[in-house]
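Given next are the chains, with one letter for each unit.
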Amino acid sequence: MIGFRNARSSDADRCFEIETTAYKGDEAATHAKISKRIETYPDGFLILEVNGKTVGFINCGCANEVEMSDEDFKELIGHDPDAPNVVIMSVVVDPEEQSKGYSRSLMDEFVERMRRMDKATIYLMCKEHHVPLYEKLGYGYLRPSTSDHGGMAWHEMSLTL
């Protein structure tokens with residue numbers, strides 16, 4: 001059974017475990033960043049549970065002006081919960097649970113929640129091989145990103161709500 005809920009501080013350990021299993025090296029958020037994101041903006045931190053076990057999550061912040069390469073924003077510096085623009089920081093499913101359609105379910109639920117919160121646009125950065133996946137979900141390609149987070153090349157995308 002699939003369920004969704006907002007994160008609680010007690011979720012930080014499991015989310016960190018998933019994050020570091022799914023992302024490589026410096027690409028993964030630290031435990032401190034995950035904890036701060038949960039504490040600062042639980043409405044923007046969506047947990048996916050399957051049979052009561054956390055298997056994935058999305059977290060974000062909101063801003064009036066979006067600068068995708070702003071590393072400080074990953075610490076939620078400049079975050080305004082009332083701002084119309086959503087910036088996704090992580091979309092992640094436990095590698096053992098991937099290829100079961102959970103990413104799509106998680107993203108669909110997240111988008112619907114952001115619509116109910118009257119957000120205008122969702123922005124994200126992804127690696128090149130994920131661009132077609134996000135295009136299938138309705139995101140439009142914006143540009144290669146100037147960010148070199150984790151020593152990787154990133155691409156910026158957005159979805160108008």
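Thresholds applied
Residues numbered from 1 in each chain as written. Predicted model: local features only at pLDDT ≥ 70, side-chain atom pairs only at ≥ 80, totals over all residues. Heavy atoms only, no water. Helix = DSSP H or I, 4+ residues; strand = E, 2+ residues; numbered from the N terminus. Buried < 20%, exposed > 50% of the residue type's maximum accessible area, 1.4 Å probe, protein only. Contact = heavy atoms within 4.5 Å. Pairing = 2+ DSSP bridges. Right-handed = clockwise from strand over helix to strand, strands pointing away. Core = buried A, V, L, I, M, F, W, Y, C linked by side-chain atoms within 4.5 Å.

As a further point, take the environment of Ala7. Within the secondary structure, Ala7 is located in the loop between β1 (2-6) and α1 (12-22). For Ala7, a relative accessible area of 7% gives the class buried. Separated by 20 residues in sequence, Ala7 and Glu27 have C-alpha atoms that sit 21 Å apart. Once residues lying within four places of it in the same chain are set aside, the contact partners of Ala7 are Ile38, Pro42, Phe45 and Ile47.

This brings us to the pairing of strand β5 (residues 121-126). By the criterion of burial, β5 is predominantly enclosed, with six of the six residues buried. With three bridges connecting them, strand β4 (residues 85-93) and β5 associate as parallel partners. Within β5, the position partnered with Asn85 by the bridge is Thr121. After leaving β4, the chain enters helix α3 (residues 102-116) and then returns to the sheet as β5, a path that is right-handed.

A few words now on the nonpolar core. Ranked by size, the top nonpolar core spans 37 residues in total, and within it Ile88, Met107, Phe110, Ile122, Leu124, Tyr134 and Tyr139 carry the most contacts. Contributions of two or more residues to this core are made by β2 (45-50), β3 (53-63), β4, α3, β5, α4 (131-136) and β7 (155-160). The contact partners of Tyr134, leaving out residues within four places of it in the chain, are Val91, Met107, Leu124, Cys126, Tyr139 and Met157. Ranked by size, the runner-up nonpolar core spans 13 residues in total, among them Ala12, Ile18, Tyr23 and Ala29.

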